[in-house]
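Structural features, examined
One letter stands for each residue in the lines below.
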Amino acid sequence: MDVGLTTGISTDSVDVAVLAQKAESLGFESFWLPEHTIVPVHTTSRYGGTADGSIPLSMSDSGDPLIGLARASAVTQHIKLGTAISLVPEHNPILQAKQIATLDRLSNGRFIFGIGAGWLLEETEIMGGDFEHRWGQTREAILAMKELWTQDEAEFHGKYYNFPPVRCNPKPIQKPHPPVFLGGNAPNVFKRIAAWGDGWMPVRVTPEQVKMGRATLDELAEAAGRDPKTIRLMVCNVPADRDAIRALESAGADRVTVSLPRDTGEGMLQKLEQIADSVLI
C-alpha cells in the first residue's frame, strides 16, 4: 500500500520545500497539495467536511498547488507530487497543460493530476466556470490537455474550448501524459474514469464503498476494452491509523493519503513525524 501526505500552503505554515523533503525522508510515497483559488465571503454552498456545512476559514488560506509542487520538486528526488485536487473549470486548459508539462519535466516525471469539478458554486462562477455543466467542461478541458501533451500540432473543437492547430511545449516526461485521477462521488464518476481517467480519489468513504467502487471500475474498464489494473484507486485524507489503512487496502485501495494539519515551525514537523510513526511500516 502506498501512503501519501496531503497538506496545504498557508501564510504562516512551514515552507512547502521543507515539508516535502521531510516527507520523502520519512518514507511517504507521495505529496499532495489542495486548491481553492478564492473562497467567496457570501455563499449558499455547503461544505461536506463539517457537520453544519460551514466552510473553514483555513480553506481561503491556500497557496497555488502547482507553484508549491514545483518548489517541492526542487528539493526531492523520488516522492510523487500531486494535486488534491485541482479545480479544472477554473483554469484555461492551454495554460494549465503547459504548467503541468513543465512541472512534470522539472520533477522528472513525478506529477499526478488529481482533479475535480468543484462543489463551491460561487467560486466556480467567479472564476469563469459553468457550475451546472462543470463536469462536461472538465471533460473537455482534460481532452484538450491530452491533445496538447501528445501532439506536436494540437487542436480542439468543443462546446467550452475551441482552438485551431497550435504548438505547445514542453511535453510531459510521462507518456502518454501524467495520470489523471478524478475526485468525488458523483453518480457518473466511474463512467468518466473508465472513459478518460486513470484513477479514482474519493474522500470520506468506507471500505465497503471502496470495494464496490473497485468492482464497478473493473467492470466498466473491461467493457471499455481497458485493463482494470491500469486504473488505480486512492482514498484521500484517511485517519492516521494503520488498521484503517489496512482495511482500505483489503477493500481494493492502491494508495491512501493522510492529512498533515497546518501549524507553524517545529510543531508542524513534529506532527509529520508522529503521523509517519502511526502509518508507515
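Each remark here, short or long, concerns the structure printed above.
Residues numbered from 1 in each chain as written. Predicted model: local features only at pLDDT ≥ 70, side-chain atom pairs only at ≥ 80, totals over all residues. Heavy atoms only, no water.

1. Some details on the pattern of salt bridges
Going through the model one piece at a time under the given rule, you end up with nine salt bridges. With a shortest N-O distance of 3.2 Å, arginine 232 and aspartate 2 are connected by a salt bridge. Highlighted residues: arginine 232 in strand 10 (residues 232-238) and aspartate 2 in strand 1 (residues 2-6), separated in sequence by 230 residues. Between aspartate 218 and arginine 214 there is a salt bridge, with its nearest N and O atoms 3.0 Å apart. Residue aspartate 218 and its partner arginine 214 are both found in helix 7 (residues 207-223); the two are separated by four residues, about one turn of the helix. On the basis of relative accessibility, which here comes to 12%, the residue arginine 214 falls in the buried class. (Salt bridge = Lys/Arg side-chain N within 4 Å of Asp/Glu carboxyl O. Helix = DSSP H or I, 4+ residues; strand = E, 2+ residues; numbered from the N terminus. Buried < 20%, exposed > 50% of the residue type's maximum accessible area, 1.4 Å probe, protein only.)

2. Some details on helix 8 (residues 242-251)
Residues of helix 8 that are buried include every one of Ile245, Leu248 and Ala251, and no others. All buried residues of helix 8 lie within an arc of 120° about the axis, which places them on one face of the element. In helix 8, the exposed positions that point more than 90 degrees away from the buried face belong to Asp243 and Ser250. Among the structural elements, helix 7, strand 10, strand 11 (255-259) and helix 9 (265-279) are those in contact with the buried residues of helix 8. Of the residues flanking the start of helix 8, the one acting as N-cap is aspartate 241, its side-chain oxygen 3.0 Å from the backbone nitrogen of aspartate 243. At the C-terminal side of helix 8, glycine 252 shows a positive phi close to 125°. (Arc of directions from axis to C-beta. Contact = heavy atoms within 4.5 Å. Polar contact = N/O pair within 3.5 Å; in protein donor to acceptor, adjacent residues only side chain to side chain.)

3. Let's talk about the pairing of strand 3 (residues 80-83)
Pairing between strand 2 (residues 30-33) and strand 3: four bridges, direction parallel. When the sheet's bridge partners are listed, serine 30 is paired in strand 3 with lysine 80. In this view, the connection linking strand 2 to its parallel neighbour strand 3 by way of helix 2 (residues 65-73) has right-handed handedness. Two elements, strand 3 and strand 5 (residues 111-116), share two bridges in a ladder whose sense is parallel. Of the residues in strand 5, the one forming a bridge with leucine 81 is phenylalanine 111. (Pairing = 2+ DSSP bridges. Right-handed = clockwise from strand over helix to strand, strands pointing away.)

4. Remarks on the side chain of serine 107
Structurally, serine 107 can be placed in the loop between helix 3 (93-106) and strand 5. Excluding residues within four positions of it along the chain, serine 107 makes contact with Ser73 and Leu81.

5. Observations regarding the packing of helix 7 against helix 8
In the contact formed by helix 7 and helix 8, the axes pass within 8 Å of each other and the chain directions differ by 25°. With respect to helix 8, the element helix 7 is oriented roughly parallel. Taken as a pair, helix 7 and helix 8 cross one another with a handedness that is right-handed. Only Ala247, Leu248 and Ala251 of helix 8 make contact with helix 7, whose side of the interface consists of Pro207, Val210, Lys211 and Arg214. Here the residues of the contact of helix 7 with helix 8 are counted per class, giving five nonpolar, no polar and two charged. (Axes fitted to C-alpha atoms, helices over the stretch in contact; angles between N-to-C directions. Parallel < 35°, antiparallel > 145°, perpendicular 65-115°, else oblique. Left-handed = near helix turned anticlockwise from the far one by under 90°. Nonpolar A, V, L, I, M, F, W, Y, C, P; charged D, E, K, R; others polar.)

6. Focus on the environment of isoleucine 231
Tracing the backbone through its elements, the reader meets isoleucine 231 in the loop between helix 7 and strand 10. For the pair isoleucine 231 and phenylalanine 181, spaced 50 residues apart in the sequence, the C-alpha separation amounts to 9.0 Å. When near neighbours in sequence (up to four residues on either side) are disregarded, isoleucine 231 contacts Ile193, Ala194, Asp198, Gly199, Arg214, Leu217, Ala221, Arg226 and Asp254.

7. With respect to the nonpolar core
Ranked by internal contacts, the top residues of the largest apolar core, which has 65 residues, are Phe28, Phe31, Phe113 and Val235. It is helix 5 (residues 134-150) that contributes the most residues to this core, seven residues altogether. In contact with phenylalanine 28, other than residues within four places in its own chain, are Val3, Gly4, Leu5, Ala23, Ile79, Val258, Leu272, Ile275, Ala276, Val279 and Leu280. Formed by seven residues, the second largest nonpolar core is a distinct cluster that contains Ile112, Phe181, Met201 and Cys236. (Core = buried A, V, L, I, M, F, W, Y, C linked by side-chain atoms within 4.5 Å.)

Just distances and angles here, no functional claims.
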